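Letter by letter, the chains look like this.
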Amino acid sequence: MVAAIAAESLPLRPRLRARSRVIGALLGAIMDGAHRRAYRGEAMVAAYTHNLSRRLPLLSLLSLLAVGLVIMRVAGTVPWPVLVPGVVMMVFVAERGWHWLPVQVERRPLALRRKDLDALPTSVGLSVLFAVLWALYLYCVGGEAQRALLCVLLSVISVAGVLGLAHAPAAALRLVFASTVPACTVYLVVDGAHLWPVVLLLVMANLTVLAMTFGFHADFVRLELSRQQLARRERLAARLAERNFEQASRDALTGALNRRAILARLDQDVARNELAAPWLALLDLDGFKHVNDTYGHAAGDDVLRAVATRIGAISGVLAHGRLGGDEFAILFDGRLDATGVTAAAQDLAQSVRAPVLHNGVSLRLHASTGLHRVRGPSVGACLERADAALYKAKKRGEGAIVLFGPDDETALQQRSAMTRQFNDCLLDDRLRLLYQPYYDVDSLAVVGFEAFARWSPDGQTWLAPGEFIDLAAATGRTGELTQAVIGRTLAECDAWRQGLTVAINLTPRDVTREGAVDSLARLVRDAGADPARFMLEVTEAALIADPRRAHAQLEAFRAAGFRLALDDFGAGWSSLSQLRDLPLDMVKIDRGLAAALSSDPGARAIVGTIVSFAWQLGIECMIEGVEDEAQVATARALGIRLMQGYHFARPERADVALAAMGRAVA
């Protein structure tokens, strides 16, 4: 065995030399009983017993036929007690043949198979010796024909036995010794020296077959070791492939499927197009950025891990994975109806609301969820619909759940068409600007204008920014849109030439977009205008995505000469700290507070606080959305002199707005 391994490990040595070493080592092992070591390995035990089970039953059958034939030929010529050993041998051989049947061997555990292999040389040696002695006794008392039969049968059984025991060389060697030595001795004693050629031929035949058997066994050992090594390598390769696939398909942070893997699973479900297709849910964590900014990214990682674990624990979840950031994709069982999947999503939302502990702090979040049945031409179509439902859910807030429905499909198709139109259009051809003045009520003079953009998908219907600004973001044209608005304003509204202020609304992307400051400042200066004549208005919502970047960008706008205004202050997100922390020149109080000024004491108190705080910080206040004289009087009583609204003028084309300015000044 050791030599076989050595021969295998040195494949470059000559084959004959390696084989001779194997055979020599095997002979030495057999002679000193060390062959038992070859049976220690479980794989080798299984291989030996598997091969022997294909040979020993046939050898047993041949032995049964031989013993039965001998009994038939000698029956009546010898006393019946002489036949009893033959019958006993037939029973023993039949039992051994049954014991070594493949089906019987496969049923036995490896421990019993090892015992069978260990006992095989002794069992074969003793049983063959018993059988040969019985046969030689009959040879001595039998006639010439009986002697010839016994001689032939002993030779055949000896050779067949060696071949049958090719994978048990120790047993084969004992079989040869137990059969050849007694037989040759008896032949020479009984029949005389004239049989020596027969004896010599018999000995040479047995030795030749025995040598061939050792060679077969050496090849068997070498091939079996190679097969086992190959099997080990295949198992190792399979484990490595499985580990690599696991690493390639798992999100390293949460242990859930990663984006590639969950989308591949979704692609399989789309391709199957089953009637009970699964539900796709997109889940987004509300307030996750606050956790990251306040408690650090380690806290955010704990939240993501906890959410992934909770998703996996919800009944009806088939698969889930992290698409990126704080967004998860979840596949719910398609056997759930709309009510059932909504209930499952509610259970999940409730689970997400449970606090996540991080360094002794309880972190609490909500999860907005959009649901869509996986049907459609592609993964992208399914994601688009689930994302549309998620968008509606996030607008509702407080962990809302929205199921994508027929009305949403209609809106999505319209939005897709408008997105394509916005992406393909020339902004100069589809853009219109209206200008609304704002007044100093003390002097009743126009002090500035605010430019409002309108975009048309067809040249007839004109949409306000709230209806198309998302299209600009989706198509990556927000920067181009802002530049077009400023360029059109510079060309149409020359109020800046008369020392008045022109206000331009920045998109949320402009507040963080790289290069926005330089491009807008260059555009204004190239037109011969002073950036100080332009008021750039931003909303608090635009500051939420990346407060640090937004603050730095506003400082850069201020350094470039622009004036800055915080628009829609008091609309819901407002914090007085914004007035203190941001580089502002003006705060514009939201029209919602303006509408409530004359009737709601609380609104008056809020506006009064804003005005007082802004005054202390040296920031101008203007109120927008003023629609009647009562609001004007109340706002003025609170200390506001700059006002804007339908009470004074509606947004108009540049020529109309500038004419109104002339009348107001006069």
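Residues numbered from 1 in each chain as written. Predicted model: local features only at pLDDT ≥ 70, side-chain atom pairs only at ≥ 80, totals over all residues. Heavy atoms only, no water.

(A) Inspection of the pairing of strand β6 (residues 366-373) at higher detail. With seven of its eight residues buried, β6 lies for the most part within the structure. Here strand β1 (residues 279-286) runs beside β6; their pairing, made up of eight bridges, is antiparallel. Each residue of the ladder has a partner; that of Asp 284, found in β6, is Ser 368. With three bridges connecting them, β6 and strand β7 (residues 401-403) associate as parallel partners. Bridging across to β7, Leu 371 finds its partner in Leu 403. Where the polypeptide runs from β6 across helix α15 (residues 379-396) and back to β7, its parallel neighbour, the crossover connection is left-handed. (Buried < 20%, exposed > 50% of the residue type's maximum accessible area, 1.4 Å probe, protein only. Helix = DSSP H or I, 4+ residues; strand = E, 2+ residues; numbered from the N terminus. Pairing = 2+ DSSP bridges. Right-handed = clockwise from strand over helix to strand, strands pointing away.)

(B) Representation of a nonpolar patch on the surface. A grouping of Leu 188, Trp 196, Leu 200, Met 204 and Leu 207 is seen on the molecular surface, where their side chains present a nonpolar patch of about 500 Å² in accessible area. For the nonpolar patch, the leading source of residues is helix α10 (residues 196-249), giving four residues. Assignment of secondary structure puts Met 204 in helix α10. In this structure Met 204 comes out as partly exposed when scored by relative accessible area, which is 45%. (Patch = residues over 30% accessible without salt bridge, like charges linked within 9 Å, V, L, I, M, F, W, Y side chains within 5 Å. Areas by Shrake-Rupley, 256 points an atom, 1.4 Å probe, with all protein chains shown as cover. Salt bridge = Lys/Arg side-chain N within 4 Å of Asp/Glu carboxyl O.)

(C) Molecular detail of the layout of surface pockets. In this structure, the second largest pocket occupies an estimated 750 Å³ of space. Around the second largest pocket, the lining comprises 33 residues; the ones closest to its centre are Ser 63, Val 93, Ser 127, Val 128 and Ala 131. Listed by contribution, the elements that provide at least two residues to the lining of the second largest pocket are α4 (56-74), α5 (84-99), α7 (110-141), α8 (144-164) and α9 (169-191). Of all the elements, α7 adds the most residues to the lining of the second largest pocket, at 12 residues. Its residues placed into classes, the lining of the second largest pocket shows 25 nonpolar, six polar and two charged. (1 Å grid on protein atoms, 1.4 Å probe; cavity = no way out; pocket = protein on both sides within 12 Å on 5 of 7 lines; lining within 4 Å. Points joined across faces, edges and corners; volume = space filled by probe spheres on them. Nonpolar A, V, L, I, M, F, W, Y, C, P; charged D, E, K, R; others polar.)

(D) Representation of empty space enclosed by the protein within the structure. Throughout the structure, instances matching the rule amount to two cavities of 30 Å³ or more. If you add up the space inside the second largest cavity, you get close to 50 Å³. Lining the second largest cavity are Leu 154, Ser 155, Ser 158, Ser 179, Thr 180, Ala 183, Tyr 187, Leu 202 and Asn 206. Put simply, the parts of the chain that give the lining of the second largest cavity at least two residues each are α8, α9 and α10.

(E) Region of the structure containing the nonpolar core. Counting 75 residues, the largest nonpolar core has Phe 534, Phe 557, Phe 562 and Ile 623 as the members making the most contacts within it. Excluding its chain neighbours within four sequence positions, the residues that come into contact with Phe 557 are Leu 506, Asp 510, Ala 516, Val 517, Leu 520, Leu 536, Phe 562 and Leu 564. (Core = buried A, V, L, I, M, F, W, Y, C linked by side-chain atoms within 4.5 Å. Contact = heavy atoms within 4.5 Å.)

(F) Up close: the sheet that holds strand β13 (residues 586-589). Taken in spatial order, the eight strands of this closed barrel run β8-β9-β10-β11-β12-β13-β14-β15, and their pairing is mixed. Recorded for the sheet is a direction-independent mean angle of 30° between the axes of neighbouring strands. Bridging between strand β14 (residues 620-624) and strand β15 (residues 642-644) involves three bridges; their strand directions are parallel. Residue pairing in the sheet places Ile 623 in a bridge with Met 643 of β15. (Axes fitted to C-alpha atoms, helices over the stretch in contact; angles between N-to-C directions.)

(G) Examining the environment of Arg 259 more closely. Locating Arg 259 in the fold gives a position in helix α11 (residues 259-272). Taking the C-alpha atoms as reference points, Arg 259 and Asp 428, 169 residues apart in sequence, are found 39 Å from one another. Apart from the residues lying within four places of it in its own chain, the contact partners of Arg 259 are Arg 322 and Leu 323. Here the side chain of Arg 259 touches Leu 323 through a polar contact of 3.4 Å, landing on its backbone oxygen. (Polar contact = N/O pair within 3.5 Å; in protein donor to acceptor, adjacent residues only side chain to side chain.)

(H) Spatial organisation of a positive patch on the surface. A grouping of Arg 232, Arg 233, Arg 235, Arg 239 and Arg 243 is seen on the molecular surface, where their side chains present a positively charged patch. Mapped onto the secondary structure, Arg 232 falls in helix α10. A residue is classified by how much of its surface remains accessible, and Arg 232, at 43% relative accessible area, is partly exposed. (Lys, Arg positive; Asp, Glu negative; His and termini not counted. Charge placed at Lys NZ, Arg CZ, Asp CG, Glu CD.)

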